[in-house]
Amino acid sequence: MAKCYEQEHPKKAFGWAARDTSGLLSPFHFSRRETGEKDVAFKVLYCGICHSDLHMIKNEWGNSTYPLVPGHEIVGVVTEVGSKVQKFKVGDKVGVGCMVGACRSCESCANDLENYCSKMILTYGVTYYDGTTTYGGYSDVMVADEHFIVRIPDNLPLDAGAPLLCAGITVYSPLKYFGLDKPGLHVGIVGLGGLGHVAVKFAKAMGVKVTVISTSPNKKKEAIEHLGADSFLVSRDQDEMKAAMGTMDGIIDTVSAVHPLLPLICLLKPHGKLVMVGAPEKPLELPIFPLLMGRKIVAGSGIGGMKETQEMIDFAAKHNITAEVEVIPMDYVNTAMERLLKADVRYRFVIDIANTLKPASF
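Labelled according to an unreviewed UniProt entry, the chain appears under the name mannitol dehydrogenase, originating from Morus notabilis. Per UniProt, the comment on the chain under Function (unreviewed entry) is "Oxidizes mannitol to mannose. Provides the initial step by which translocated mannitol is committed to central metabolism and, by regulating mannitol pool size, is important in regulating salt tolerance at the cellular level." Quoted straight from UniProt, the Sequence similarities (unreviewed entry) entry for the chain says "Belongs to the zinc-containing alcohol dehydrogenase family."

### With respect to the nonpolar core
Judged by nonpolar contacts, the single largest core of 58 residues is most densely connected at L164, L175, V200, F202, I252 and I313. Elements with a minimum of two residues in this core: β3 (39-48), α4 (167-177), β10 (186-190), α5 (194-205), β11 (209-214), β12 (231-234) and α10 (306-318). Per-domain counts for this core show at least three residues from each of domain 1 (11-166 + 324-352) and domain 2 (167-300). When neighbours within four sequence positions are excluded, V200 is seen to be in contact with I189, L192, V210, V212, L227 and A229. Judged by nonpolar contacts, the second largest core, of 46 residues, contains V44, I57, V81 and I149.

### Some points on a nonpolar patch on the surface
A surface patch of nonpolar side chains, amounting to about 560 Å² of accessible area, comprises L286, I288, F289, L292 and M293. Looking at the element boundaries, M293 is found in the loop between α9 (289-292) and β15 (297-300). Overall, the relative accessible area of 59% leaves M293 in the exposed class.

### Description of the pairing of β12
One ladder, built from four bridges, connects β11 with β12; its direction is parallel. Among the inter-strand pairings, S214 is bridged to a residue of β12, identified as V234. Handedness of the crossover joining β11 and β12 through helix α6 (residues 220-226): right-handed.

### Thoughts on the sheet that holds β10
One open sheet accounts for six strands, arranged β12-β11-β10-β13-β14-β15; its pairing is parallel. Looking at the sheet topology across the chains shown, the edges are occupied by β12 and β15. Direction aside, neighbouring strands of the sheet carry axes that sit 20° apart on average. As defined by bridge partners, β10 adjoins β11 across five bridges and the pair is classed as parallel. Pairing of V187 across the sheet is with V210, part of β11. Docked against the sheet, α5 engages β10 and β11, running at close to 165° with respect to β11.

### A word on the packing of α4 against α5
Between α4 and α5, the shortest axis-to-axis distance is 9 Å and the interhelical angle comes to 50°. With respect to α5, the axis of α4 lies oblique. Note on packing geometry: the crossing formed by α4 with α5 is right-handed. Contacts between α4 and α5 involve A167, G168, T170, V171, Y172 and L175 from the former and G194, L195, V198, A199, F202 and A203 from the latter. In terms of residue class, the contact of α4 with α5 is built from nine nonpolar, three polar and no charged.

Conventions we followed
Residues numbered from 1 in each chain as written. Predicted model: local features only at pLDDT ≥ 70, side-chain atom pairs only at ≥ 80, totals over all residues. Heavy atoms only, no water. UniProt positions renumbered as here; feature names shortened; annotations may be inferred. Core = buried A, V, L, I, M, F, W, Y, C linked by side-chain atoms within 4.5 Å. Buried < 20%, exposed > 50% of the residue type's maximum accessible area, 1.4 Å probe, protein only. Helix = DSSP H or I, 4+ residues; strand = E, 2+ residues; numbered from the N terminus. Domains from an automatic or database assignment. Contact = heavy atoms within 4.5 Å. Patch = residues over 30% accessible without salt bridge, like charges linked within 9 Å, V, L, I, M, F, W, Y side chains within 5 Å. Areas by Shrake-Rupley, 256 points an atom, 1.4 Å probe, with all protein chains shown as cover. Salt bridge = Lys/Arg side-chain N within 4 Å of Asp/Glu carboxyl O. Pairing = 2+ DSSP bridges. Right-handed = clockwise from strand over helix to strand, strands pointing away. Axes fitted to C-alpha atoms, helices over the stretch in contact; angles between N-to-C directions. Parallel < 35°, antiparallel > 145°, perpendicular 65-115°, else oblique. Left-handed = near helix turned anticlockwise from the far one by under 90°. Nonpolar A, V, L, I, M, F, W, Y, C, P; charged D, E, K, R; others polar.

Here it is as structure tokens:
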């Protein structure tokens with residue numbers, strides 16, 4: 001087994017955790033498992049903050065357990081590998097996204113769709129095979145089975161690349177699966193936040209015509225001049241929305257707040273697809289009649305399997321796609337959560353774990 005001998009106690013870890021539904025995080029000592037024969041251990045350098053982290057620390061989905069160490073956009077450098085690890089070695093740049101386990105034997109797993117396995121194990125806040133609780137990337141060290149480790153290409157910046165492990169695959173997968181990656185198609189992206197801005201970049205790299213749909217008129221310049229969108233629709237402007245009716249082959253809806261679907265369905269051409277990737281806390285109303293009058297589809301999509309996640313990372317590196325990030329120190333995380341609640345970030349917070357998470361701060 002290859003080891004990094006600077007790490008004297010590989011099971012000891014520290015990070016920041018939520019203890020209750022207040023949403024506040026504070027320093028937390030805990031343990032990782034020893035590096036097993038198929039495990040990869042790595043020093044965490046950066047971890048992105050996903051909107052789902054905010055939901056989880058406040059138990060807004062009703063399934064949180066405490067103490068909870070969030071974080072599933074985790075990148076770092078390998079410090080130790082198990083004796084049967086084949087794909088990674090000490091010093092490699094790697095990442096972990098939203099999951100760290102699956103049954104590996106069901107139909108979904110056999111088709112490289114571990115994300116849809118009924119026994120899929122999330123990166124944090126659930127029970128692992130050994131009965132321990134999984135802890136996420138707001139911490140100094142990570143241990144995971146090599147199957148759930150992604151190799152980060154050398155030319156992809158680690159800080160701006162970290163959010164791709166959740167936000168990136170969440171929008172890349174539906175673009176590919178629903179055939180919205182063909183040059184010349186017209187795709188709408190609803191919401192210009194952490195997911196939406198990455199969706200624009202991926203769709204443009206695929207050769208797709210992109211229209212950003214937003215409630216905020218002040219994002220138009222950003223969407224077109226900086227991110228490269230072809231056009232911009234203000235969803236609250238009825239004239240603009242009416243003029244664009246029936247023009248889109250597909251729409252990726254990234255919004256996590258309750259919002260009307262009818263105006264979006266009306267933007268679709270016949271056989272158009274509205275794909276939901278945001279996760280609102282409450283159910284949305286789904287009008288059926290406009291679906292019937294055009295054989296339109298409303299679908300959902302959640303992250304992607306490991307094969308596709310690696311494909312996405314490699315595609316991003318090839319096309320120089322990164323997230324727009326604001327890098328923050330660990331002790332700023334509670335303020336960052338408050339700002340995230342107000343959508344006051346452009347467009348993804350990333351915690352500089354390696355340089356700002358210090359044992360001395362406990």
